[in-house]
Number of protein chains: 2
Amino acid sequence: MPKSEIILNAFTMNAVSHVNYGLWRHDEDQAFRHDDLDYWIGLAEVLEEGGFDAVFIADALGLLDTYGGGAAESLRRGVQSPLSDPLLLVSALAGASRHLGIGVTVSTTYEQPYLLARKFTTLDQLSGGRVAWNIVTSQLESAARNLGLERQVDHDERYDRADEFLTVAYKLWQGSWEDDAVVADKGSAARPDGLYADPARVHAIDHHGRFFRVPGPHIAQPSPQRVPVLFQAGGSPRGQRFAARHAELVFVAGADAAGVRRNVETIRALAREEGRAPDAIRFVSAVAVVVAPTRAEAESRFADYRRFYDATGALVHYSASTGVDFSDADQDAPIRYLETNSNRSLLRMFDDPDGGRSWTLRQALAPEGGFGRTRTFVGDPIAVADGLEDWLEATGTDGINLIHVVSPGSFVDFSRLVVPELIRRGRRPAGRPEVPLTLRERLFGAAPRPPVDHPAARHGFPHRAATSEARPE
Amino acid sequence: MPKSEIILNAFTMNAVSHVNYGLWRHDEDQAFRHDDLDYWIGLAEVLEEGGFDAVFIADALGLLDTYGGGAAESLRRGVQSPLSDPLLLVSALAGASRHLGIGVTVSTTYEQPYLLARKFTTLDQLSGGRVAWNIVTSQLESAARNLGLERQVDHDERYDRADEFLTVAYKLWQGSWEDDAVVADKGSAARPDGLYADPARVHAIDHHGRFFRVPGPHIAQPSPQRVPVLFQAGGSPRGQRFAARHAELVFVAGADAAGVRRNVETIRALAREEGRAPDAIRFVSAVAVVVAPTRAEAESRFADYRRFYDATGALVHYSASTGVDFSDADQDAPIRYLETNSNRSLLRMFDDPDGGRSWTLRQALAPEGGFGRTRTFVGDPIAVADGLEDWLEATGTDGINLIHVVSPGSFVDFSRLVVPELIRRGRRPAGRPEVPLTLRERLFGAAPRPPVDHPAARHGFPHRAATSEARPE
C-alpha cells in the first residue's frame, strides 16, 4: 500500500476481554463468546467487509496472577483470563475471508524453531499468504513455572535465544526448499514414476548454534510468503534492537504522542544501523474509537461504555505486564521506573527521564478517561478521522491497531462510519484487487517475500534475492 | 452409537499422499493439494454429507529418511514428505461441518502438557466438543535430531513420559475448573462488578512429577468434552498397556484377521486389568475400499488405480515406520522380527511367533494386491458391505478408518454407494440428531466427558464422576 494509506488492523485476543476491561458485561459485546467459533467467523466477515488489513490476536501463556499475588481478580473480572489458543483460530478465520491478514502472537521461549516454522508455513499455505507472526519472548512468570522452569529466563537471554530462533526459522523457510523444488510432475513415458519434489533442490540447513541444533531440511514445502510478516512490540533497549533487526511492522504502545514518536525514531535509527531501508518498518499504535453519526451520539455512547469500564481490571493487566503488584499502589502518585524481569518497556513509557512528563497510575491506565492504556477518539466520523490523522502525524506512525470497546460492534462502527471518510481523504484504498494479495504485498506494495535488506533474505537462494530486488514503491 | 453400528472414520494426512502411495499422480486425486484450504473445506463437506463419524489426520515430525539413508525417495515420491501441520487444520474443518468429529495425531515427546492441554481445550471449544487426540510418542529419529536431541528417547521411556503427560493433562482438563466456575454474571445491584469466573472454583493442580512440574491452574475454561476423545495405536507390549489404560478408540493395523483379533483381545484383557468396562475401548482398523455400482466396474477401477500404485513408496514408508532401511531388502524373503527403537509393532505384526503365518515384504506392503498395508475391498456395494461385516466379525473390531485411494473420490464413492447399504443393514445410523452431539456422545452413546472407569475420571470433581455414572448402553 502507498505510504499515504493508513494501516488498519483489528486488535483482539482469544479471551473474555482483551484491553476493554469490564466491557464484556455490556450487552453489545460479543467478544466474551471467545469459545464459540461462530463468533470468530462473524468477526472475520465483519473485518473482511470493512477492508481491514489484518486482525492481530494477542496471546500470553499464563493467567494474569501478579495483582494481589494470584489470579483471583483476573478470573473474577475476565481480564485475559481464561485465555484460549489464538494460533488454532487462524485456519477458520482464513476460511471465512479472502483478503484479511491474520497475525498471531507466539512466544519463542517455549517453542522449537523446527516445529514453529512448520506451523507458520502451514498457516501461510492455508491462508494463501496472509499470515503474520507477532514475535514475543514471554514475560509471565506464571508461564515459566507451568512450563518446567524455576523462573522466567532472564530478559536479555530470552532475546538472544529469540535471535537464534529466527535465524533457524529463516534458514528453514528461505534456505531449504528452492522455488522449483516442487515439480509435481505426474509422470510421462520418460519419467514413469513422476516426480513430486526434486531432492537435489531440498537442502539440509545444518544449523549448529548456542541454543539450537537443527540439521533440517524444512519438513513442509514453501508457502506463498515463505516468511510470515513479522510483527514485534519490543520497547526495552534489547527489544528495540531486536525489532530493528527483524520486525516489518512494529506495534508501539502509549497515549503520549511525544513518547511514541521517540520510540519510533529510536527503532528507525537502529534499523538503519542494521542496514535496512528507511521504510522497511511500518509502525502502528493501539487506539480506541467510539464513533457515531453525530458528536452528541458518540459522547453518549462513550459515557455508556465508560460506565462498564473496570479500572481494577486495568490494574490487574498492568500488574501482570510489568511484573509489579499494584494492588496496594497509590493510583494518584507518579509512576517511577522500576526494572523487572518482565516487560521493561511499559513502566519506562510512563517514567521516561527524557520525556519530561510524569504520569500517575490512574492517568496511565486510562489516558484522558479512555480505554486500555491507549488514545481514545470519540466523535463523529470527521472528528475521528481528523484525530487519527493528527495522531499519526504527531507520532510518526503508519497505522493503527484498533482495539474493541465492544466486539464486533467497535469494528462495525469503524467500518461503516470512519473507513468511508478515510477513503474520501485518500487514506484507505477505495477498492481491492480481484485476486487477493499476500499480506506482505498488501502492507508494502512489494514482493510476497522479505526484501533484500531484511535478514531473512540472507538465508534465501541467490535467485530469490534477485527477485526481491525489484521492489517497487 | 449402538454397538451394532460400524464406526466410520476417514483417514488422511496433511501431505501429498498418505498411504495411497503413488496415487497423487492419478487425475482423480485431489489430496496432493494439501496446502490448499479449499481442498480441506471440500473434504469436510464430503465427509459431513456422508455422515462419517470423524476424520482422523495422522502426523509425523520429520521427513521419512530411513530408506536409503535419506529423504530423497520420500520427497521424489511424495510419501508423507513434505508434511504440513494437521492441528492447524482443525478450526477450518470445524467451521465447514456441524457433526463431523476431528481427530489429530500429536506427539507427547516434544510438547509441554500445560500448552497442549490448552490447544485441545481450544479446539474442543471451537468445534463444540468434536475433537479427538491420537496420542503418539514419535518414533522418527529425524524428528529427534531436529528437536535438539542426540537421538530418539528410548521407546519405553517415551511411554513413561507419555503416562505422566496424560496425568498432567487430566488434572488440567478435569481437576482445575469446576463445572460452575464460569458464572458469566454481567452484574446487578448486588454484584455491580459482575463475576466472570469464581476463583474459589478454579483450582491449582500442583503437579510435581518425574518429568513435569505444573502448578496450574488450567489457563482455559472447560470445553464441552473437557478431555478430547483419546485415540491410540500402540502395538508394542508397552504401547498396548498404554492404550489399555488411556485409549477410548484404538487403531489396529494389519491385513491378517487373526493377527488383528489377537491384538484386540490382548488390549481388551489389559483394559480389564486396568479396571475398565468391557466396551470401554472401541477398535477400528484401516481399510481401503474401491466400490462401483457393479463388480466389473469396481474391478476395472481397481486395476486403473493399481497402475499408479508405487511399491517403492510403500517401502519408503515402511522403512521409516520400522526404523529399518529396506532399500536393499529381498522383498520375497519372509520378514523376521527385529527390535528397533522405533515402532515395534509393525514388524511384530508380520512375524508373530504365535501367529503361525509368515509374510514376505511384498505381501506385507500390499496384502492381496491392495493398498497401504491394509485390507482392500473391491466390488459392488453389497459385496463391499458383506466384506466389511465379515472383516469386523473376524477381527472383533468396531469400525474402520477408511483410507483414500484418491481423495475425496474414495470418500464420495463410499458415502454414495456403501453407506446406504450399511444403513439398510442397520450398521449405520439412518439420520442424525438435530443438535450435533459431541464426538464422545456420538461414539459411545454416553456422556460428553470420560466415563467413571477412565483414568481421567479420577482427576475430576466428585460431582463429575457422579454425572458420568449414569452412563447408558
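Each value, and the rule that gives it
Residues numbered from 1 in each chain as written. Chains lettered and ligands numbered in written order. Predicted model: local features only at pLDDT ≥ 70, side-chain atom pairs only at ≥ 80, totals over all residues. Heavy atoms only, no water. Helix = DSSP H or I, 4+ residues; strand = E, 2+ residues; numbered from the N terminus. Rg over C-alpha atoms; globule rule 2.2 N^0.38 Å. Buried < 20%, exposed > 50% of the residue type's maximum accessible area, 1.4 Å probe, protein only. Contact = heavy atoms within 4.5 Å. Areas by Shrake-Rupley, 256 points an atom, 1.4 Å probe, with all protein chains shown as cover. Lys, Arg positive; Asp, Glu negative; His and termini not counted. Charge placed at Lys NZ, Arg CZ, Asp CG, Glu CD. Least-squares fit on C-alpha atoms with pLDDT ≥ 70 in both. Salt bridge = Lys/Arg side-chain N within 4 Å of Asp/Glu carboxyl O. Nonpolar A, V, L, I, M, F, W, Y, C, P; charged D, E, K, R; others polar. Pairing = 2+ DSSP bridges. Core = buried A, V, L, I, M, F, W, Y, C linked by side-chain atoms within 4.5 Å. 1 Å grid on protein atoms, 1.4 Å probe; cavity = no way out; pocket = protein on both sides within 12 Å on 5 of 7 lines; lining within 4 Å. Points joined across faces, edges and corners; volume = space filled by probe spheres on them. Polar contact = N/O pair within 3.5 Å; in protein donor to acceptor, adjacent residues only side chain to side chain. Phe/Tyr/Trp six-rings, centres within 6.5 Å; stacked < 30°, edge-to-face > 60°. Lys NZ or Arg CZ within 6 Å of the ring centre and 35° of its normal. Expected span 1.5 Å × (residues − 1). pLDDT = per-residue confidence, 0-100. Axes fitted to C-alpha atoms, helices over the stretch in contact; angles between N-to-C directions. Left-handed = near helix turned anticlockwise from the far one by under 90°.

Novice: Help me get a handle on the overall build of chain A, residues and values and all.
Specialist: For chain A, the helix and strand inventory stands at 16 helices and 13 strands. In terms of C-alpha radius of gyration, chain A reaches 22 Å, essentially the compact-globule figure of 23 Å for 473 residues. Out of the 473 residues belonging to chain A, those deemed buried represent 64%. The long-range fraction of contacts in chain A, counting pairs at least 24 apart against all pairs at least 6 apart in sequence, stands at 77%. Accessible area of chain A: about 15700 Å², with a carbon and sulfur share of 49%. The average position of the 52 basic charges and that of the 64 acidic charges among the side chains of chain A differ by 2 Å.

Novice: Explain the environment of P86(B) to me, using residue names and the numbers behind them.
Specialist: Here P86(B) shows up in the loop between helix 2 (72-77) and helix 3 (90-95). Overall, P86(B) belongs to the buried group, its relative accessible area being 2%. Put simply, P86(B) and A58(B) are 28 residues apart on the chain and 7.4 Å apart in space, counted from C-alpha to C-alpha. Not counting the four nearest positions on each side in its chain, P86(B) is found in contact with R118(A), N14(B), I57(B), A58(B), D59(B), V104(B) and T105(B).

Novice: If you had to explain the relation of the copies chain A and chain B to someone new, which residues and values would you point to?
Specialist: Both copies of the chain are placed relative to one another by a rotation about an axis and a shift along it. Of the transformation placing chain A onto chain B, the axial shift is 0.0 Å and the rotation is 180°, giving an RMSD of 0.0 Å. In short, the pair behaves as if placed about a two-fold rotation axis. Closest to the rotation axis within chain A is the C-alpha of A92(A), separated from it by 2.0 Å.

Novice: Which residues make up the interface of chain A and chain B, and what values do they have?
Specialist: The interface is formed by 73 residues belonging to chain A together with 73 residues belonging to chain B. At the junction of chain A with chain B, the criterion picks out 8 salt bridges. Counting only elements with at least two residues in the side of chain A that touches chain B, the list comes to helix 1 (37-49), helix 2 (72-77), helix 3 (90-95), helix 4 (113-126), helix 5 (141-146), strand 5 (182-185), strand 6 (195-197) and strand 8 (213-214) of chain A. Take the side of chain A that touches chain B: its biggest share by element is 8 residues, from helix 4 of chain A. Taken together, the residues of the side of chain A that touches chain B sort by class into 40 nonpolar, 17 polar and 16 charged.

Novice: How would you summarise the pairing of strand 3 (residues 101-107) of chain A if you had to cite specific residues and measurements?
Specialist: Sheet faces and side chains relate simply in a regular strand, where the side chains alternate between the two faces. Residues and elements named next belong to chain A. The buried count for strand 3 comes to 7 of 7 residues, which makes it a mostly enclosed element. The alternating pattern of strand 3 places G101, G103, T105 and S107 on one face and I102, V104 and V106 on the opposite face, and all of these are buried. Alignment of strand 2 (residues 54-58) against strand 3, held across 4 bridges, turns out to be parallel. Each bridged residue has a counterpart across the sheet, and for V55 the counterpart in strand 3 is I102.

Novice: Lay out the pattern of salt bridges with the relevant residues and their values.
Specialist: Residues and elements named next belong to chain A. Under the definition given, this model contains 74 salt bridges over all chains. Note that R301 and E28 form a salt bridge whose closest N and O atoms lie 3.3 Å from each other. Residue R301 is located in helix 9 (residues 295-308), and its partner E28 is located in the loop between strand 1 (7-13) and helix 1; the two are separated by 273 residues in the primary sequence. Assessed through its relative accessible area of 24%, R301 is described here as partly exposed. The salt bridge partner of R33 is D36, with a shortest N-O separation of 2.9 Å. Given a relative accessible area of 26%, R33 falls into the partly exposed group. D36 sits in the partly exposed class, given a relative accessible area of 25%.

Novice: Outline the nonpolar core, supporting the account with residue identities and numerical values.
Specialist: One recurring pattern in soluble globular proteins: nonpolar side chains tend to sit buried together. W133(A), F414(A), W133(B) and F414(B) are the most contacted members of the largest nonpolar core, which has 301 residues in total. Setting aside residues no more than four positions away along its own chain, W133(A) makes contact with V104(A), V106(A), T108(A), L116(A), F120(A), F165(A), L166(A), W173(A), P228(A), V229(A), L230(A) and F231(A).

Novice: Lay out empty space enclosed by the protein with the relevant residues and their values.
Specialist: For the coordinates displayed, the defined rule picks out 12 cavities of 30 Å³ or more. Each pocket or cavity is described by its volume, and for the largest cavity that value is around 360 Å³. If you go around the largest cavity, you meet 28 residues; those closest to its centre are L87(A), E111(A), K119(A), E111(B) and K119(B). The residue makeup of the lining of the largest cavity, split by class, is 14 nonpolar, 4 polar and 10 charged.

Novice: Please set out the side chain of D53(B) residue by residue, giving values where relevant.
Specialist: All names here are of chain B. Within the secondary structure, D53 is located in the loop between helix 1 (37-49) and strand 2 (54-58). Of the polar contacts made by the side chain of D53, one reaches the side chain of R442; its length is 2.8 Å. With residues near it in sequence (within four places) discarded, D53 still touches M1, I6, I7, L8, N9, H99, L100, G101, R428, L439, R442 and L443.

Novice: Describe the environment of E265(A), and please don't skip the residues or the numbers.
Specialist: Residues and elements named next belong to chain A. One can find E265 in helix 8 (residues 257-273). Accessibility expressed as a relative area gives 41% for E265, which makes it partly exposed. Sequence separation between E265 and E441 is 176 residues; the distance between their C-alpha atoms is 24 Å.

Novice: Could you give me a rundown of the packing of aromatic side chains, with the residues and numbers involved?
Specialist: Enumeration according to the criterion identifies 34 aromatic pairs over all chains in this entry. Ring geometry for F11(B) and F251(B): centres 5.0 Å apart, planes at 75°, overall edge-to-face. Taken together, the residues F11(B) in strand 1 (residues 7-13) and F251(B) in strand 10 (residues 249-252) connect sequence positions 240 residues apart. F251(B) matches F11(B) in its accessibility class, with the two residues each being buried. Relative to F212(B), the ring of F211(B) has its centre 6.4 Å away and its plane inclined at 45°; by these criteria the two rings are tilted. In this structure F212(B) comes out as buried when scored by relative accessible area, which is 5%. Three or more aromatic residues joined by ring pairs form one cluster here, namely F120(A), W133(A), F165(A), W173(A), F211(A) and F212(A). Sitting over the face of the ring of Y309(A), R306(A) holds its NZ or CZ atom 4.4 Å from the ring centroid.

Novice: Can you break down helix 6 (residues 155-174) of chain B residue by residue, with the values?
Specialist: In this model, helix 6 of chain B (20 residues) spans 28 Å end to end at C-alpha, consistent with the 28 Å of a helix rising 1.5 Å per residue. A large share of helix 6 of chain B lies buried, amounting to 15 of its 20 residues.

Novice: Give me the confidence of the model for chain A: which residues, what numbers.
Specialist: Segments scoring low in pLDDT should not have their predicted coordinates read at a detailed level. Of the residues in chain A, 91% reach a pLDDT of 70 or more, and the chain-wide mean stands at 90. Counted against residues more than four places away or in other chains, residues 463-473 of chain A, with its pLDDT under 50, gives 18 contacts.

Novice: Which residues make up helix 10 (residues 311-322) of chain A, and what are the values?
Specialist: All names here are of chain A. Spanning 12 residues, helix 10 covers 17 Å between terminal C-alpha atoms, matching the ideal 16 Å at 1.5 Å per step. Most of helix 10 sits out of view: 10 of its 12 residues are buried. For helix 10, every residue scored as buried is listed here: G313, A314, L315, V316, H317, Y318, S319, A320, S321 and T322. The positive-phi residue at the C-terminal boundary of helix 10 is G323, with phi of around 80°.

Novice: Summarise the packing of helix 13 (residues 381-395) of chain A against helix 14 (residues 409-424) of chain A; cite the residues concerned and give the values.
Specialist: All names here are of chain A. Running from N to C, helix 13 and helix 14 cross one another at 65°; their axes reach a closest spacing of 9 Å. In this structure, helix 13 crosses over helix 14, and the sense of that crossing is right-handed. Here helix 13 contributes P381, I382, V384, A385 and L388 to the contact with helix 14, which in turn contributes F414, L417, V418, E421 and L422. In terms of residue class, the contact of helix 13 with helix 14 is made up of 9 nonpolar, no polar and 1 charged.

Novice: Would you mind going over unusual backbone geometry in detail, with residue names and values included?
Specialist: Across the junction of S81(B) and P82(B), the peptide omega takes the value 0°, indicating a cis bond. Mapped onto the secondary structure, P82(B) falls in the loop between helix 2 and helix 3. In this chain, S407(B) is followed by P408(B) through a cis amide linkage whose omega measures 0°. We note that D206(A) has phi near 50°; this positive angle belongs to a residue other than glycine. Here D206(A) shows up in the loop between strand 6 and strand 7 (207-208). For R226(A), which is not glycine, the phi dihedral falls at a positive 60°. Checked against the element boundaries, R226(A) lands in the loop between strand 8 and strand 9 (229-232).

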